[in-house]
Each structure stands twice: as structure tokens, then as C-alpha cells.
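Each chain, letter by letter, is given below.
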Amino acid sequence: MANGKSKSSTTARRREVRKSVPRPGPKWVQALRRREVVWAGVFIAMLVAVAGPVAIWLGGSDHYYPGQVLTDPVTVRVAFEREDVERTKELRQAAKENLPATYIADQSYYDALKNRLNDLLSLADYNTVNDAPAEFREQIKLTDLVLHELKGYITNKEPTPQWEADTRRFLQEMFELAVLDPEDNHPSDDPVGMMPITIVHPDPVPGKAQEQRLFGRRILTLTDTERLEKEIEFATRFIKGEHLRESIVALVMQHPQATYHYDPKLSSLRGDEAAAAVDRQVVTYQPGTVLIPSGKELTRDDVALIHGALRAYKSSLSDGATFLVLFGRLSLILMVGVAVWTYIFYCNERIVRNPMRGLAITSLLLLCQCMAVALARAYPQLFASMTTLPVLMAATVLVIVYDQRFALAMGGFLGLLILLSVDLRVEHVLVMMSGVGVAVALLREVRSRSKLVTVGLWAGLAMATTSFLVSVMSKPLNEADELWRITIDSAAMVVTGLLAVGIVQWALPAIEKIFKVTTAMTLKELNDASHPLLQRLAQEAPGTYQHSLRIADMAEAAADTIGADGLFCRVGAMYHDIGKINKPMYFIENQGGGPNRHDKLTPAMSLLIIVGHVKDGIEMAREYALPPTLRHFIESHHGTTLVEYFFHAAKKQTEAESKPGPSEFEFRYPGPKPQTKEAAIMLLCDCIEGAARALPEPTPVRLEQVVNAMARKRLMDGQFDECNLTLSELHKIEQSIIKTLCAVYHGRIAYPSAQKPQQTPPASAPAVG
């Protein structure tokens, strides 16, 4: 019973525990919760959010430009209307030219003539002609009959309303006659020809338009006095009294003036209004109509016509069809983004572990896509070159930053992204990928600036050859000058290759900072003995400088043996101990056989000084702006190894004082452990060089034993756990270090003393050196 009861209570407790423990859920849910997957999703969304609108609103397939020779005819897909610009322009110009010139009345002459008529009426105050002034009698043919007729317009010594009406009627008739001065600036050489004119009357009759259109009979010049006099006589027909009418004609003909003058500004304004009133001339194109035949060289109007047809087709699509087009393009861009990050997950853990690298890669792809779209729109005549340039630049950057396989893959993905943005043709993709492939294959590392130029030249030649081949295969060679245009386009590809690497070379310092990498060119500059930091090391810590030189030789050879970056190892070795500059005499290689300063210090204090050179080195590296990749050599060249000499000294001290012994953890370097194979090689060479220098007789056998023992010791201590170094590679590194040490500590011939005669060494002895 007891056993049964105990068993049932245990089962119940297990059920309660199972309820409180959360279930892990499906594997795909667990995968989505990973930090790396979340970041990848963010970058994919960023790619689609930026690349999609760029491809939809800025991209497209209308890559036409003036001067382009079409290889295929352009046909109409949907009916559309387009303004016939030339016809509209012709009709508007004709309307402007055919519009009569506008003449403005001489208001001052109108007023003066009105005043002179009123002065004439004032003669009615005289009883006889002899009483009137003599000049009036002579000028206007004044007679008693005229005075009598004038008196008929006077009542109570005031002009009658009839006089006001008749004189205004006369002036109205007078200024409905266009009297022109031939000396004025007229729009034509014959102002009184068959062309009508428009006059603006100074005092129109109510209900009558101020502007009037006059033709040849109503237009005359001041020089035509006979006709002018007849027209004035006709205008006086409303005046009562035949003799008075003759006097008025004589009064006007005394000083005849032009009634109207040409107004160029008003004429131009009216002409523009007439041109604007002409409707646009529209041409309708039906589906299937050939807009532009093949072989035609496009003009600006042709390009505008093609763009109009494309806009008409897009606007004819229904909302559902437009949505499907946008959905398809965005989905394809999404697929490219997923493919990019799937490849990164499987082939490049550095980017997966570091979100900033993922952001840099995504930004680079988007920048190159925007650059390709913008250049293609700005320079459509160089469409192939402008879309290839950003892809070649991106591939060059990525092969410098990462490796060849990754750069080739990203170049292909970027090519797909640009293809979806600007609708590249297959031949353009072939040209693009040929240049990317050659550039990636040749550019494993950048050790000199001429290397980039060489790579750009070969990539350009590869693209030029591919461009020439696909062009002669697809373009109509029977067209005039087509072969010459193909040659020019191929030559532009060579320039594109050189331009791409030139831009990358110019931006190389920024690329190194953004991606936190160090190119071979920078490493070679840092390896120069004239670098200020190396000069300080050689002057203030000469023993450490020589120690660094030996390790540099060992590390470079070992790295080359396993396919690692030998130059990177060498430069890292030269700077790994720069922290000893601050306290050089506390390190035995700089003491020169003098007293050891640690003899007066406790082991704990000595430990602080020894371990402190790592921290001092990091601070000095920041001060001299050394690349972050080199700082890892400084902080990891001891890993978390034990400072054995002072640990044992502290142990002896505590034993003598009957105190608890020190912990190993207290006497270890803070680390970190090497994260790269190059840093692991550096750590191993550093400890081996010191051990080999301490050997009393460094024979090849002893050197081999030291190397094997130190390598095994570091391996068992776990110093290589975080750098992906294999046992096979470790064995190759050991053999390389042994070979280098044997070369350094090679045997020498003992020179005879001055007292003994010199003897010829045996033939089997090694050469002196």
C-alpha cells in the first residue's frame, strides 16, 4: 500500500512539473525566434521597402534616347491620342502672323482737333468777316456765309447741343479713318496694302466696339493729301452748312497729322492671345500601328511619342491588372532578398553574427541599385555601361572585404535586382556577369594600387568582348554605321571597368572603416619601418622590436602554409607588443643584461605590469588609429594563458609565508582567446619564440621538441577553441615554425683565433653566414 501510494504521488508531481514547463513548439517557430533570423527579416523588409518603390516608380523599360537606332519596330498596344506638336505650332504661328496689327489713336491730336473746332465756333461773335482776325480769314476761307452758319449753332451765346453732337460725330468719322505716317515704325513695308489693321478708337460711340478692323479703303497716309481731303469732306457731311463744312476741311488740312500709330507691344500681346486660342491638334493611333520603324534614328519627338504610348498602355490597365504588375515585381524583389540572406546564412557566418555587417551589405545593394537606375535614366545612350558600373563596383568591394565566392554570389543577386528594376535584356546580363566574374577571379587581395587598375582593365576587356559578340549576334548589321556603334559600345565597357575600380580605389579608406577590414595596401603601409609607431618601438624598446621581427617572419611563413593571410599575420606581429613602449625596462628583452626590475617587486605587482602591456597596447593602437582588425592581435596574442613565472614565484612566496596558494585564474591574461587563425598563429609564434630564445643550445632536435611541446600545451589549454583551427592545420603550422627557427638558429663555422694560422674548412662544412 505504501509503495502504491508513493508511486501515485510521484506521478502526480511529474504531471504538475510537465504543466509548468513550456513546450518548445515546432522547429520553424523556434527558428523564427532566433536573433539572427529576426535581423535577416528586418534587412529583407528594408530591401523590399526601398528597392520596390525605386523599381516601380523610377525604373521601367523606356530606355529610348535621341540618336538611338532601333533594331526592332515600336508598335502601339492600346489606342491613344497625342498632340501633333508641329501642326499645333504651325497653326498657332499662322494665327499670330495673320492677326492684323494693332494701332493706337493719337489722343493728343484728337483733343487738339476738338479744341480747334471749338475755337472755330467762337468766330460767331463777329458780325462781319472783317471783324475776325486776318489769319482765320486766310486759313479757313472765312466768309460772311460761314459766320452766318456758325451763328446757327449759338443760342444765348452758348453752343447748342447740336454743335456738340455734330462735332463729335465728325471726330468719330474722322478717327474711323486710319491716317498713318509713313515715317512711323510699321510691321510691314506697305502699311496701306491689302493687310487689314485693328484700331483702338479714342472715343467710341456707346454700343459700338472700341476696337475696329479696317481694310485698305479706310487706311491712307499723310502723303496722299488729295484722298485725305476727300475723306475729311465726307466726314463733315453731318455739319449743317455747306460753307461751314468747307472751312472745317480747310482747318483740318492746315496741319494734318496721323490719327493712329502702330503699338508693337499690344500687337504682340494680341498675337499671343490669338495663338493660345488655337486648339491643340491631336492625332489618334490605333492598336497595331507602327510608331517607329526599325532602323530609324530616333529624334526627340520620336522619344516623346514612344513614352506617350507607354504611358497610355499603363493608364489603360485596370486597377486589378496594375496591382498584379506591382505585386509581381515586389514578389520577385522579395525572392531576391530571401535568396541573398539564405546564401548568407549558409556561407558567411560573420555577417549572420554581426547585424552591422548585414546592414552594410543591404545598404550596399540598395545604393548600387539606386545608382544603376539613376544612371540609366540620366544617360540612356550608355544604358549597358551605366547599369553594369554599380554591379562591378559592388563585386570589387565585396571581394576585398570578404572572399571571391561571396562576392560572385552577391554580384549575381545584385544583377537580378537591377534586372527587375530596369528590365535588362539577356545580353546585358551576360556582359555584366562576364565583367564581375573576371574581376572577382583576379582580385583575391589588393597588395598594390596597380592591381586594381589591372583588374579593371581585364574586366573591361572581358565585358567589351562579350558585348561585341552578343551585339553582332543580335543587331542588324545591314544598317549603316551599326558595326561602328557596336564597336563604340564595346569600347565604353573598357572605360566602365576602369571607372569602377577607380571609384573603389578612391573610396577604399571609407570601405575599410565601414566594413572594418584592412586591405593588403593598408597592411603594406603599416608594415613600413618608417611608421611612427614602429620607429618608437625600435628606439624605446629595441629588444621588443627585434622580438617582433622574428615573430613576423615565423607567423607569415606559417600563415602561408595553411592558406591564411600571411601579410596580415606579419603586420599583426609587428604591432602586437607596442604596449611595452610605456615600460620597456620591465621586459627582459629590453634589459640588455642589466638588473631585473622585477626583483624588487612582489609577484602580484609584476603581474600587473606584465599584463598591463596588453591594455597599454590597445590604447596606443587607438591613439595611432590602427585598424580594429590589428587590435585583435594585441589583445589576443597571449589569449587567457597563465603567466607562469610570476605564478610560481607567488606560489613559493605564499608557501614560505604559510599562506594559501594563489589561484591560477588570478595570474591569467584577460584575453580574449584568438578569434581567427591568424591570431592563433600569432599566439603560438609569440610563446615559441621566447622559449626558443631561452634554449642554451638551440639544435634542430631541441627546437622541434620546444615547438611541439608549446603547441600541445596551448591546445590543451583551450587557446584555439574559438578560431576554427584544425589539428591538420596546427601540424602544418608547427612544421613551418620549426623550419623558420632552424633557419634562424643555423649552425656557423668557428673562426680561427688570431694566434693560429687560418685553416681551410672541409668541403662538407656549411657556408659562413
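Below you will find a few notes about this structure. Being a predicted model, the structure only gives us computed values, none of them experimental. (Residues numbered from 1 in each chain as written. Predicted model: local features only at pLDDT ≥ 70, side-chain atom pairs only at ≥ 80, totals over all residues. Heavy atoms only, no water.)

## With respect to the overall build of the chain
Thought 1: Broken down by element type, the chain carries 31 helices and 12 strands.
Thought 2: Its C-alpha atoms give the chain a radius of gyration of 51 Å, clearly above 27 Å, the size a compact globule of 769 residues would have.
Thought 3: Over its C-alpha atoms, taken along the principal directions, the chain stretches across nearly 165 × 95 × 75 Å.
Thought 4: Of all 769 residues assigned to the chain, the portion counted as buried reaches 43%.
Thought 5: Taking as baseline every contact in the chain between residues at least 6 positions apart, the subset at least 24 positions apart corresponds to 76%. (Helix = DSSP H or I, 4+ residues; strand = E, 2+ residues; numbered from the N terminus. Rg over C-alpha atoms; globule rule 2.2 N^0.38 Å. Buried < 20%, exposed > 50% of the residue type's maximum accessible area, 1.4 Å probe, protein only. Contact = heavy atoms within 4.5 Å.)

## Examining the packing of aromatic side chains
Both the distance between ring centres and the angle between the ring planes are used here to describe each pair of aromatic rings.
Thought 1: Throughout the structure, instances matching the rule amount to 15 aromatic pairs.
Thought 2: Between the aromatic rings of Y110 and F175, the centroid separation amounts to 5.0 Å while the plane-to-plane angle is 70 degrees, which identifies the pairing as edge-to-face. Placement of Y110 in helix α5 (residues 107-121) and of F175 in helix α8 (residues 161-175) is noted, with a sequence separation of 65 residues between them. This pair shows no difference in class: Y110 is buried, exactly as F175 is.
Thought 3: Each ring, one from F175 and one from Y260, has its centre 6.1 Å from the other, and the planes form 70 degrees; the classification is edge-to-face. With a gap of 85 residues between them, F175 in helix α8 and Y260 in strand β10 (residues 260-262) connect regions that are remote in the sequence.
Thought 4: A residue is classified by how much of its surface remains accessible, and Y260, at 0% relative accessible area, is buried.
Thought 5: Feature note: the residues Y109, Y110, F175 and Y260 constitute an aromatic cluster, connected by ring pairs.
Thought 6: Lying over the aromatic face of Y313, R77 brings its terminal NZ or CZ to 3.7 Å of the ring centre.
Thought 7: Sitting over the face of the ring of F238, R169 holds its NZ or CZ atom 3.7 Å from the ring centroid. (Phe/Tyr/Trp six-rings, centres within 6.5 Å; stacked < 30°, edge-to-face > 60°. Lys NZ or Arg CZ within 6 Å of the ring centre and 35° of its normal.)

## Some thoughts on the side chain of S385
Thought 1: Mapping S385 onto the fold places it in helix α16 (residues 383-401).
Thought 2: On the accessibility criterion, S385 (5% relative accessible area) is buried.
Thought 3: Setting aside chain neighbours within four positions, we find S385 in contact with A492, M493 and T496.

## Here's the deal with the nonpolar core
Thought 1: Within the largest apolar cluster, 74 residues are counted, with the highest numbers of intra-cluster contacts made by I344, I361, F406, M410 and F515.
Thought 2: Per-element tally for this core: the top contributor is α16, with 13 residues.
Thought 3: If sequence neighbours within four positions are ignored, M410 has contacts with V340, Y343, I344, I361, L365 and L398.
Thought 4: A541, I551, I581 and L725 belong to the second-largest nonpolar core, a separate cluster that totals 54 residues. (Core = buried A, V, L, I, M, F, W, Y, C linked by side-chain atoms within 4.5 Å.)

## A closer look at helix α31 (residues 727-744)
Thought 1: Over its 18 residues, α31 runs 26 Å from end to end, which matches the ideal 26 Å to within 8%, given 1.5 Å per residue.
Thought 2: Within α31, burial applies to E729, L730, I733, E734, S736, I737, I738, T740 and L741.
Thought 3: The inward-facing, buried residues of α31 contact α24 (542-561), α29 (677-693) and α30 (700-716). (Expected span 1.5 Å × (residues − 1).)

## Here's the deal with a negative patch on the surface
Thought 1: Taken together, the side chains of E229, E233, E242 and E246 define an acidic patch exposed on the protein surface.
Thought 2: Those elements giving two or more residues to the negative patch turn out to be α9 (225-235) and α10 (242-254).
Thought 3: The partly exposed category is assigned to E246, whose relative accessible area is 42%. (Patch = residues over 30% accessible without salt bridge, like charges linked within 9 Å, V, L, I, M, F, W, Y side chains within 5 Å. Areas by Shrake-Rupley, 256 points an atom, 1.4 Å probe, with all protein chains shown as cover. Salt bridge = Lys/Arg side-chain N within 4 Å of Asp/Glu carboxyl O. Lys, Arg positive; Asp, Glu negative; His and termini not counted. Charge placed at Lys NZ, Arg CZ, Asp CG, Glu CD.)

## A closer look at the pattern of salt bridges
Thought 1: If you walk through the whole model with that rule in mind, you get 23 salt bridges.
Thought 2: Here R237 ties to E173 by a salt bridge, and the two come within 3.4 Å at their closest N and O atoms. With R237 in the loop between α9 and α10 and E173 in helix α8, this residue pair connects regions lying 64 residues apart in the sequence.
Thought 3: Its salt-bridge partner being K677, residue E729 comes within 2.8 Å of it at the nearest N-O pair. Taken together, the residues E729 in helix α31 and K677 in helix α29 connect sequence positions 52 residues apart.
Thought 4: Residue class for K677 comes out partly exposed when judged on its relative accessible area of 26%.
Thought 5: One connected set of salt bridges, linked through shared partners, spans R550, E689 and R693.

## Remarks on the sheet that holds strand β3 (residues 101-105)
Thought 1: Taking strand neighbours across the sheet as the criterion, the 4 strands line up as β8-β7-β3-β10 in an open arrangement whose pairing is mixed. Strand pairing shows two members of the sheet lacking a second neighbour, β8 (211-214) and β10, which therefore form its edges. Each strand axis lies, on average, 35 degrees off the axis of its neighbour in the sheet, ignoring direction. (Pairing = 2+ DSSP bridges. Axes fitted to C-alpha atoms, helices over the stretch in contact; angles between N-to-C directions.)

## As for the environment of L177
Thought 1: By the secondary structure assignment, L177 is in the loop between α8 and β6 (178-180).
Thought 2: On the basis of relative accessible area, L177 is assigned to the buried category, the value being 2%.
Thought 3: For the pair L177 and L419, spaced 242 residues apart in sequence, the C-alpha to C-alpha distance is 74 Å.
Thought 4: When residues no more than four places from it in sequence are discounted, the contact partners of L177 are R218, L220, L228, E231, T259 and Y260.

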